[in-house]
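Take a look at the letters that make up each chain.
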Amino acid sequence: MGKRVAIVGAGVSGLASIKCCLEEGLEPTCFERSDDLGGLWRFTEHVEEGRASLYKSVVSNSCKEMSCYSDFPFPEDYPNYVPNSQFLEYLKMYANHFNLLKHIQFKTKVCSVAKCSDFTVSGQWEVVTLHKEKQESAIFDAVMVCTGFLTNPYLPLDSFPGINAFKGQYFHSRQYKHPDIFKDKRVLVIGMGNSGTDIAVEASHLAKKVFLSTTGGAWVISRIFDSGYPWDMVFMTRFQNMLRNSLPTPIVTWLMARKINNWLNHANYGLMPDDRTQLKEFVLNDELPGRIITGKVFIRPSIKEVKENSVIFNNTSKEEPIDIIVFATGYTFAFPFLDESVVKVEDGQASLYKYIFPAHLQKSTLAIIGLIKPLGSMIPTGETQARWAVRVLKGVNKLPPPSVMIEEVNARKENKPGRFGLCYCKALQTDYITYIDELLTYINAKPNLFSMLLMDPHLALTVFFGPCSPYQFRLTGPGKWEGARNAIMTQWDRTFKVTKARVVQESLSPFESFLKLFSFLALLVAIFLIFL
């Protein structure tokens, strides 16, 4: 009989955790407080307590080839960037395909997760749940927490003098569902993250006037990158990642700023980040530049004062009439069912080794999955975390002594900027490929490019120079998927299948043919130099 594992939450990370437990012969029981799976990706007309909330128009910021589970591609007829309704369908397909539903208890709230009295010996946990007003308690050998970090809205009203005198309507972006409420209104959106920018753009189609207030600016990019390719399939390659991490940080940030400004000069649009050394999360929005240049959205600095029916922005004394204020000011996170002695949240982070395991516990039988903000998709990140975590919970992989883990956690908390590669401004942010590869190394599943170059050079070149798609994480090691190679070699076919509906015969000129031959020879030289 395998170890019993309690999983809290049936979102993208919870589903992956169930599957990983089953693959390793463990017995998972997943508790989901709502009546369906999907977590963030399940749209409801009303906000539900303790669950992430999204608006009707949400579309994925990572394309389907980069944001799927590593052994379960999206259907090829899905659009490259997936609307939330289809994303939820995909998650249900995944759950049905791997027979996960029978392991989920819906409408069951986790009230508490506490160490058993003999925890130092057994490592077990007592999990108290509530279902139909009936409370139950059960003992589990391990716990995986998959609740995410988008459930507790951060609403810093004290930072906005006069807000209590405001006679209009104001609310956090978590409450937003449809743009109809903005019709013929003067709207102010505070906060220039992905949600704030989306809401400002949506409002601009119906509102009388829309202001988007930002304190520090942001890098805005389009989902459509070079030659119309999905942005992350171009940006997220092992070759580019190696190049970025080998260059001094000032050079990397300068090159990145230059590339982004080639599409949209951020200074001319009032968007330029104040801090261009540390990387904030990209804002993905295809419409914002067009809404700004046509006078539908006005970029403004931070708020100086809120009055009864207007606001005053910093660096100006002019009052702007406002009817609705939307606070897109982000989220905090907490684990109300866990005692602070188990996981303590401070300054927007927790003391987790590799963003997963509480570093101080005597027994490593509790894992937090998905509490991270990689520069990449959350699905393959959470899935890879779960693959390693489950093997630790099973006892196959071992963690370092608590003192070593605590030292590493404290070093990460200091968030000292490195000298090479991208520099991230928040503790939960990390380099996607580097982090994934580290976890894959722990389970002996990281692709070996050198041996691959000898045995399968075509695949090796595609893995190194092409998109770092999740299928790469299943080429070898535990959980190896026989379809991984084919999925990698056909990823561009699936990408273009939904866009190339009208096929035009292309003919190459002799000059273009010569350039392609020259480029191929240069590529071979580069590969030879890299693998020397």
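Each remark here, short or long, concerns the structure printed above.
I will try to describe carefully the structure that is included in this document. Each chain carries its own residue numbering, running from 1 in the written order of its sequence. Confidence filtering applies because this is a predicted model: local features only for residues at pLDDT of at least 70, side-chain atom pairs given and counted only at 80 or more, and all residues used for totals across whole chains, interfaces and linings. The side-chain quantities take in all heavy atoms of the structure and omit both hydrogens and water.

## Section: the sheet that holds strand S10 (residues 186-190)
Item 1. We call two strands paired when DSSP finds no fewer than two bridges between them. The helix and strand labels rest on DSSP assignments: H or I over at least four residues marks a helix, E over at least two residues marks a strand, and numbering proceeds from the N terminus. Strand order in the open sheet formed by 5 strands is S9-S19-S10-S11-S15, and the pairing between neighbours is parallel. Edge positions in the open sheet fall to strand S9 (169-172) and strand S15 (298-300), since each of these has one partner strand only. Pairwise comparison of adjacent strand axes, ignoring direction, gives a mean angle of 20 degrees for this sheet.
Item 2. Summarising the sheet, S9 and strand S19 (residues 324-327) pair through 4 bridges and their orientation is parallel. Following the sheet pairing, Phe 171 is matched in S19 by Val 326.
Item 3. Here, two residues are considered to be in contact whenever any of their heavy atoms come within 4.5 Å of each other. Convention adopted: a line fitted to C-alpha atoms gives each axis, helices being fitted over their contacting stretch, and angles between N-to-C directions are expressed from 0 to 180 degrees. Contacts between helix H4 (residues 194-203) and the sheet are confined to S10, strand S11 (209-213) and S19, with S11 contributing the most and set at about 165 degrees to the helix.

## A word on the sheet that holds strand S7 (residues 142-145)
Item 1. The strand order across the open sheet built from 5 strands is S3-S2-S1-S7-S25, with neighbouring strands paired in parallel fashion. Edge positions in the sheet fall to strand S3 (104-105) and strand S25 (366-368), since each has one partner strand and no second.
Item 2. Bridge count for S7 against S25 is 3 bridges, and the pairing is parallel. From the neighbouring strand, Val 143 faces S25, where its bridge partner is Leu 366.
Item 3. Docked against the sheet, helix H1 (residues 12-23) engages strand S1 (4-8), strand S2 (27-31), S3 and S7, running at close to 170 degrees with respect to S1.

## A look at the side chain of Thr 197
Item 1. Of note, Thr 197 is situated in helix H4.
Item 2. Other than its neighbours up to four places away in sequence, Thr 197 contacts Gly 191, Met 192, Leu 212, Val 283, Asn 285 and Leu 288.

## Focus on helix H6 (residues 238-246)
Item 1. Taken together, the buried positions of H6 are Arg 238, Asn 241 and Arg 244. Buried residues of H6, seen end-on, are gathered within an arc of 125 degrees and therefore sit on one face of the element.
Item 2. Where the residues of H6 are buried, they touch helix H5 (231-235), helix H7 (249-263), helix H11 (432-442), helix H12 (449-455) and helix H13 (457-465). Remark: exposure states derive from per-residue accessible area (1.4 Å probe, protein chains only) relative to the maximum for the residue type, with buried under 20%, exposed over 50%, and partly exposed in between. Directions from the helix axis toward the C-beta atoms define the arc.

## Remarks on the packing of H6 against H11
Item 1. Two elements in contact, H6 and H11, have axes separated by 10 Å at closest approach and are oriented at 105 degrees. The pairing of H6 with H11 is recorded here as roughly perpendicular in orientation. For the pair H6 and H11, contact is made by Arg 238, Asn 241 and Asn 245 and by Ile 433, Thr 434 and Asp 437, respectively.
Item 2. Ten residue types, Ala, Val, Leu, Ile, Met, Phe, Trp, Tyr, Cys and Pro, are classed as nonpolar, four, Asp, Glu, Lys and Arg, as charged, and the remainder, Gly among them, as polar. By residue class, the composition of the contact of H6 with H11 is 1 nonpolar, 3 polar and 2 charged. Roughly parallel covers angles under 35 degrees, roughly antiparallel covers those over 145, roughly perpendicular covers 65 to 115, and oblique covers all other angles.

## Some remarks on the packing of H1 against helix H9 (residues 378-394)
Item 1. One way to put it is that H1 packs onto H9 with a least axis distance of 9 Å and a crossing angle of 35 degrees. The two elements H1 and H9 cross, and the hand of that crossing is right-handed. Within the contact between the two elements, H1 uses Val 12, Ser 13, Ala 16, Ser 17, Cys 20 and Cys 21 and H9 uses Met 378, Ile 379, Gly 382, Glu 383, Ala 386, Arg 387 and Val 390.
Item 2. Its residues assigned to classes, the contact of H1 with H9 comprises 8 nonpolar, 3 polar and 2 charged. Each crossing is labelled by how the near helix is turned from the far one, with a counterclockwise turn of less than a right angle marking it left-handed and a clockwise turn marking it right-handed.

## What to know about the pairing of strand S17 (residues 310-313)
When a strand is regular, its side chains alternate between the sheet's two faces.
Item 1. Side chains Ser 310 and Ile 312 project from S17 onto one buried face, and the interleaved Val 311 and Phe 313 project onto a second face that is buried too.
Item 2. Bridge count between strand S16 (residues 303-306) and S17: 3 bridges; the pairing is antiparallel. Counted as the bridge partner of Glu 305 is Ile 312 from S17.
Item 3. In sequence, S16 turns back onto S17 through a hairpin of 3 residues.
Item 4. For S17 and strand S18 (residues 319-321), the ladder comprises 3 bridges, and the chain directions are antiparallel. Residue Ser 310 lies in a different strand from S18, and its bridge partner there is Pro 321.

## Focus on the side chain of Asp 198
Item 1. By the secondary structure assignment, Asp 198 is in helix H4.
Item 2. As a buried residue without a salt bridge, Asp 198 has its nearest oppositely charged side chain in Arg 223, at a separation of 5.2 Å.
Item 3. Contacts described as polar in this section are N or O atom pairs within 3.5 Å, which, within protein, must combine one atom able to donate a hydrogen with one able to accept it, while residues neighboring in sequence count only if both atoms come from side chains. Within the structure, the side chain of Asp 198 is placed 3.0 Å from the side chain of Asn 285, a separation counted as a polar contact.
Item 4. When neighbours within four sequence positions are excluded, Asp 198 is seen to be in contact with Tyr 55, Leu 284 and Asn 285. Under the counting rule used here, the positive set is Lys and Arg, the negative set is Asp and Glu, and His together with the chain ends is not counted. A carboxyl oxygen of Asp or Glu within 4 Å of a side-chain nitrogen of Lys or Arg is what we treat as a salt bridge.

## Notes on the environment of Leu 453
Item 1. Position of Leu 453 among the secondary structure elements: in helix H12.
Item 2. When its relative accessible area of 21% is taken as the criterion, Leu 453 is described as partly exposed.
Item 3. Sequence spacing of Leu 453 and Phe 464 is 11 residues, and the spatial spacing of their C-alpha atoms is 9.9 Å.

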